[in-house]
Amino acid sequence: MSLTDITTRIARATATHGRPDGSVHLIAVSKEQPHDRVLPVLRAGHRLFGENRVQEAGDKWPDWRAEFGPVDVHLLGPLQSNKARAAMELFQAIHSLDRPKLARTLARLAQELGQCPDLFVQVNTGAEPQKAGILPADADSFIAECRALDLPVIGLMCIPPVQDDPAPHFKALAEMATRNGLRALSMGMSDDFEVAIAHGATHVRVGSAIFGARR
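Residues numbered from 1 in each chain as written. Predicted model: local features only at pLDDT ≥ 70, side-chain atom pairs only at ≥ 80, totals over all residues. Heavy atoms only, no water.

**Q** Which residues make up the pattern of salt bridges, and what are the values?
**A** As enumerated under the stated definition, the model contains 10 salt bridges in all. We note a salt bridge from Lys 60 to Glu 56, for which the minimum N-O separation is 3.1 Å. Taken together, the positions of Lys 60 and Glu 56, both in helix α3 (residues 54-68) and 4 residues apart, correspond to about one turn of that helix. Under the relative-accessibility criterion, Lys 60 is labelled buried at 4%. (Salt bridge = Lys/Arg side-chain N within 4 Å of Asp/Glu carboxyl O. Helix = DSSP H or I, 4+ residues; strand = E, 2+ residues; numbered from the N terminus. Buried < 20%, exposed > 50% of the residue type's maximum accessible area, 1.4 Å probe, protein only.)

In structure tokens form, the structure reads like this:
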């Protein structure tokens, strides 16, 4: 499937569900993808990508930005506190704010650096013990804690359990965002982004459907 196929499907789903044109942003998930798959997407004009690791992103995006100009890159994977400074300097958004210690670290660095990427709180909607994210029952208080630290939290992110129907998870995340006055929802991947759009996703994270399976 091509980038054009995905953008066409996003536009169709956006229109079908009465969403404003341009209200859904496609994050092309380039993590672990070989350069010969990512470069054609850059050359096609796409300028929003997602990475899972700070080091991997740092090894390639500065050079690509020098060649192609400004490119927004979002961190989707877990962030260790000791890599927070590098992440804040490299990424335009972090989708994996998932614990108080990280929130405090980002707040301190934001004061030092005078800037902070947009932040999404990751919510573990399936309460899976092996998965990162704030539990739904703790999300409201954590969002309030982040706001008290003056962090620019703009939305929520989730990754539903693979065995579940994703729709209830997307619905719950959207309700949580509305309750907390948050406008952005990072949800939906290659297999379910149209369902996510139906439930209000503003950012969909699509990798394999654009680039193919990771080698």
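**Q** Help me get a handle on helix α6 (residues 136-148), residues and values and all.
**A** Taking 1.5 Å as the rise per residue, α6 with 13 residues should run 18 Å; its terminal C-alpha atoms sit 19 Å apart, in good agreement. Those residues of α6 that fall on the buried side of the exposure criterion are Ala 139, Phe 142, Ile 143 and Cys 146. Residues of α6 that are buried make contact with β4 (93-97), α5 (100-113), β5 (118-122), β6 (153-157) and α7 (166-179). (Expected span 1.5 Å × (residues − 1). Contact = heavy atoms within 4.5 Å.)

**Q** Quick one: what's the story with the packing of aromatic side chains, residue by residue and with numbers?
**A** Using the criterion set out here, one finds 2 aromatic pairs in the structure. Relative to Trp 61, the ring of Phe 49 lies with its centre 4.8 Å away and its plane at 45 degrees, an arrangement referred to as tilted. Placement of the pair is Phe 49 in strand β2 (residues 48-51) and Trp 61 in helix α3, with a sequence separation of 12 residues. The exposure classification of Phe 49 matches that of Trp 61, with both residues buried. With 4.9 Å between their ring centres and 80 degrees between their planes, Trp 61 and Trp 64 make a pair best called edge-to-face. A residue pair is termed a helical-turn pair when its members lie 3 or 4 positions apart in one helix, as Trp 61 and Trp 64 do in helix α3 at 3 residues. A relative accessible area of 0% places Trp 61 in the buried class. Through a chain of ring-to-ring contacts, three or more aromatic side chains come together here, namely Phe 49, Trp 61 and Trp 64. (Phe/Tyr/Trp six-rings, centres within 6.5 Å; stacked < 30°, edge-to-face > 60°.)

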